[in-house]
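# An overview of the molecular structure
Residue strings, one per chain:
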Amino acid sequence: MEEHVIDQSAPPPVQGEEEHPSLALANSAPALPGGHTIDLLGSPAQANQWLTRRGLAPADAGVREMCAAQLRSLREQIRSLFAARADGVPALPAAVAAVNDAMTRVPTAPLLRWDDSTGPYRTAPHPTTAIVDLALATLAADAADLLTSAEAERLTACGSPPCNRFLLRHGRRQWCSTRCGDRARAARAYARRANPR
């Protein structure tokens, strides 16, 4: 049974997250030893903070639960696509459709409004929703770009269970962090001692 932990700091970024915000989104609910998970998008305030740190929303965007839920949903669809690419298996059509939907949902221009006292002006229909829709479109487009680029060959899941993060492999490195690498090496050493040939 997986237990969600909300009030913990994020682990350090993995290889590729700085260049690809979609990779950071996919890794925004890291699994920890002992069946715990940190959800960096667990509340509207956390989602707003996550978007702000990546330049995708202002600090005062006022993200509500509906928008945070959309962000978490896109995270799961992108994770599904990354896993399919890393494992060399076909992607779920629903995941492809979700990314395409996020990329095409953003209005191309703000609407014209008319205030009787100040005159015409342009604005998004609902500013917070427009901010989140633009962030979702940006993240979805980045995921599509990553999946169709030469870098996709380097996309892999961390090789240290129970970690569930993705990274862009650099050299032979198969782990998202030193901590995961140490855990994997310790597990291999234990297995060799427990099962000598």
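Read on for a plain summary of the structure.

Further remarks concern the overall build of the protein chain. A count of helices and strands for the protein chain gives six helices and seven strands. Along the protein chain, helices (α) and strands (β) appear in the sequence β-α-β-β-α-α-α-β-β-α-β-β-α when read from the amino end. For the protein chain, the proportion of its 197 residues judged to be buried stands at 38%. In the protein chain, once contacts between residues fewer than 6 apart in sequence are set aside, the share between residues at least 24 apart is 54%. Of the roughly 11200 Å² of accessible surface on the protein chain, a fraction of 56% belongs to carbon and sulfur atoms.

Position of T156 among the secondary structure elements: in strand β6 (residues 155-157). Its relative accessible area of 11% is what places T156 among the buried residues. Beyond its immediate stretch of four places on either side in the chain, T156 contacts A86, R165, F166, L167, R169 and Q174.

Time to look at the side chain of R165. Residue position: R165 is located in the loop between β6 and β7 (166-168). Here R165 sits buried without a salt bridge, and the closest side chain of opposite charge, E17, lies 4.2 Å off (N-O distance). There is a polar contact of 3.0 Å between the side chain of R165 and the backbone oxygen of P12. If we ignore the near neighbours within four places in the chain, the residues touching R165 are P11, P12, V14, E17, N27, P30, T156, A157, C158, C176 and S177.

Rules of the game
- Residues numbered from 1 in each chain as written.
- Predicted model: local features only at pLDDT ≥ 70, side-chain atom pairs only at ≥ 80, totals over all residues.
- Heavy atoms only, no water.
- Helix = DSSP H or I, 4+ residues; strand = E, 2+ residues; numbered from the N terminus.
- Buried < 20%, exposed > 50% of the residue type's maximum accessible area, 1.4 Å probe, protein only.
- Contact = heavy atoms within 4.5 Å.
- Areas by Shrake-Rupley, 256 points an atom, 1.4 Å probe, with all protein chains shown as cover.
- Lys, Arg positive; Asp, Glu negative; His and termini not counted.
- Salt bridge = Lys/Arg side-chain N within 4 Å of Asp/Glu carboxyl O.
- Polar contact = N/O pair within 3.5 Å; in protein donor to acceptor, adjacent residues only side chain to side chain.

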